[in-house]
Structure formats: structure tokens, C-alpha cells
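# An overview of the molecular structure
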Amino acid sequence: MAGHSKWNNIKHKKAKEDRKRAKIFSQIARKIRVVVKEAGSGNPEQNAALRPILDKARAANMPKDNICRAIDAGLGKGKNGPLQEVLYEGFGPNGVAFLITAVTDNKNRTTSELRFSLSRAGGSLGSPGCVKYMFQRDEEEGYKCTIPIKPEDDKMIDKISELADELREQEDVEEVYCAIENI
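Predicted model only: the values in this text are computed from it and were never measured.

## Considerations on a negative patch on the surface
Together, Glu-152, Asp-153, Asp-154, Asp-158 and Glu-162 make up a negatively charged patch on the protein surface. By the element assignment, Asp-154 lies in helix 5 (residues 154–168). By relative accessible area, which is 60% here, Asp-154 ends up exposed.

## As for the packing of helix 1 (residues 6–39) against helix 2 (residues 50–59)
Two numbers describe how helix 1 lies on helix 2: the axes approach to 10 Å, and their chain directions differ by 160 degrees. With respect to helix 2, the axis of helix 1 lies roughly antiparallel. The crossing of helix 1 and helix 2 is left-handed. Contacts from Ile-28, Lys-31, Ile-32, Val-35 and Val-36 of helix 1 reach helix 2 at Leu-50, Ile-53, Leu-54, Lys-56 and Ala-57. Its residues assigned to classes, the contact of helix 1 with helix 2 shows eight nonpolar, no polar and two charged.

## Considerations on the pattern of salt bridges
Going through the model one piece at a time under the given rule, you end up with ten salt bridges. When the shortest N-O distance is used, the salt bridge between Glu-113 and Arg-109 registers 4.0 Å. Of this pair, Glu-113 and Arg-109 are both found in helix 4 (residues 107–120), four residues apart, which corresponds to roughly one turn of the helix. Assessed through its relative accessible area of 28%, Glu-113 is described here as partly exposed. Put simply, Arg-109 and Asp-172 hold a salt bridge, and the shortest N to O gap is 2.3 Å. With Arg-109 in helix 4 and Asp-172 in the loop between helix 5 and strand 6 (173–178), the pair connects residues that are 63 residues apart, well separated along the chain. Here Arg-109 falls in the partly exposed class, since its relative accessible area comes to 27%.

## Here's the deal with the layout of surface pockets
If you add up the space inside the second largest pocket, you get close to 310 Å³. In terms of lining residues, the second largest pocket is bounded by 15 residues, among which Glu-85, Thr-101, Val-103, Arg-137 and Glu-174 are the most central. Of all the secondary structure elements, the ones that give two or more residues to the lining of the second largest pocket are helix 1, strand 2 (97–104), strand 5 (142–145) and strand 6. Partitioning the lining of the second largest pocket into residue classes produces four nonpolar, two polar and nine charged.

## Comments concerning the packing of aromatic side chains
Applying the stated criterion to the full structure yields one aromatic pair. Ring plane angle 70 degrees and centroid distance 5.5 Å describe the contact between Tyr-143 and Tyr-177, whose orientation is recorded as edge-to-face. Highlighted residues: Tyr-143 in strand 5 and Tyr-177 in strand 6, separated in sequence by 34 residues. Classification of Tyr-177 by relative accessible area gives buried; the value is 14%.

## Digging into the packing of helix 4 against helix 5
Relative orientation of the contacting elements helix 4 and helix 5 amounts to 165 degrees, with a least axis distance of 10 Å. Between helix 4 and helix 5, the crossing angle belongs to the class labelled roughly antiparallel. Of the two elements, helix 4 crosses helix 5, and the hand of that crossing is right-handed. Facing helix 4, whose interface residues are Leu-114, Ser-117, Leu-118 and Arg-120, helix 5 presents Leu-163, Glu-166 and Leu-167.

Cut-offs and rules
Residues numbered from 1 in each chain as written. Predicted model: local features only at pLDDT ≥ 70, side-chain atom pairs only at ≥ 80, totals over all residues. Heavy atoms only, no water. Patch = residues over 30% accessible without salt bridge, like charges linked within 9 Å, V, L, I, M, F, W, Y side chains within 5 Å. Areas by Shrake-Rupley, 256 points an atom, 1.4 Å probe, with all protein chains shown as cover. Salt bridge = Lys/Arg side-chain N within 4 Å of Asp/Glu carboxyl O. Lys, Arg positive; Asp, Glu negative; His and termini not counted. Charge placed at Lys NZ, Arg CZ, Asp CG, Glu CD. Helix = DSSP H or I, 4+ residues; strand = E, 2+ residues; numbered from the N terminus. Buried < 20%, exposed > 50% of the residue type's maximum accessible area, 1.4 Å probe, protein only. Axes fitted to C-alpha atoms, helices over the stretch in contact; angles between N-to-C directions. Parallel < 35°, antiparallel > 145°, perpendicular 65-115°, else oblique. Left-handed = near helix turned anticlockwise from the far one by under 90°. Contact = heavy atoms within 4.5 Å. Nonpolar A, V, L, I, M, F, W, Y, C, P; charged D, E, K, R; others polar. 1 Å grid on protein atoms, 1.4 Å probe; cavity = no way out; pocket = protein on both sides within 12 Å on 5 of 7 lines; lining within 4 Å. Points joined across faces, edges and corners; volume = space filled by probe spheres on them. Phe/Tyr/Trp six-rings, centres within 6.5 Å; stacked < 30°, edge-to-face > 60°.

Structure below.
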């Protein structure tokens, strides 16, 4: 009867649900931090952009402590200091250029997480200016690649898509731009 433990099945289901909730909570917390930082106020009565995000957090049953921590981090009262926006440049599989924007309170942690994700996928974190010349900033859509790369095969596109999704799942990462369109 190995593998038929009721507790074991409950434990695995709960872990799966907890991972989903944690992902949603981190996305909401990221939005709260950014909105609070931009407006300079953690009071929803003074910050109109914060109200709908707090409603979304309550709808997702996000704990009040997590909301308060996200607001404090946005105001710069977090335990690691104020938030700062950082732009990372790197290369993915087959030398495809990536431009990654992050808002973090700990630059060293974010750098090491991104370096690890890129190296695991066969890429590397680059130095400042190594790929930024390939992108042009658009106010509405962010960065757009001016020198797009044509993918060689479907496996390469899948590998690059997986890397882009993995980078977007990082807690501090705001957006990922790639030299291949629609990734």
C-alpha cells in the first residue's frame, strides 16, 4: 500500500495550492510596492491607484501583514531599505538579447537570482550597455527591439519562452524584453 497515505495526498495538494497563492501574492505585492513608490503615499484615500490593487488583494485573501509589508517597502521603510529600479542586460540561449527591468530593495539578491536563472538556461548576465543598444524605449509599451532576431527553430523559441516566463516569475522582476518578437 505504498503511496496511498491520505495525509501524503493532502500534503501534496496543499503544497500545489500554496505555490499558486504565493505567486499571486507576490504579483500583488509587487504592484502595491510600485504604486506606493510612485505616489509616495500608502494611504488609499490619498492614492487612488492603490485602492483597486488593495481590493484585488482582499479578493485573493492576501494576509494584512503581507499588504502592510508591501506598503512599507514601497515607502522605503522595509528592512532592506528603499526600493530602486534596476535595468539588467543579458543573453539567453543562442545569444538572444534580454533586457530585464526590476524593482528591488536588495540589488545583490536580485542580481544573483537573475544570473542563476540565465546561466541555468544557457545564457549569461551581461555588462551595462551590452544589449541596450538593440532596444528603443517606447513610453506606452516599454522597450521594443530595433534589431529583432529571427528564430532558427521551434525548440529555440520554446527554450527562450521558458526562460522569459521563469524570469517574469522572479519576485522583483517587473518586465522582460527579448530580441525575439512575441516572447
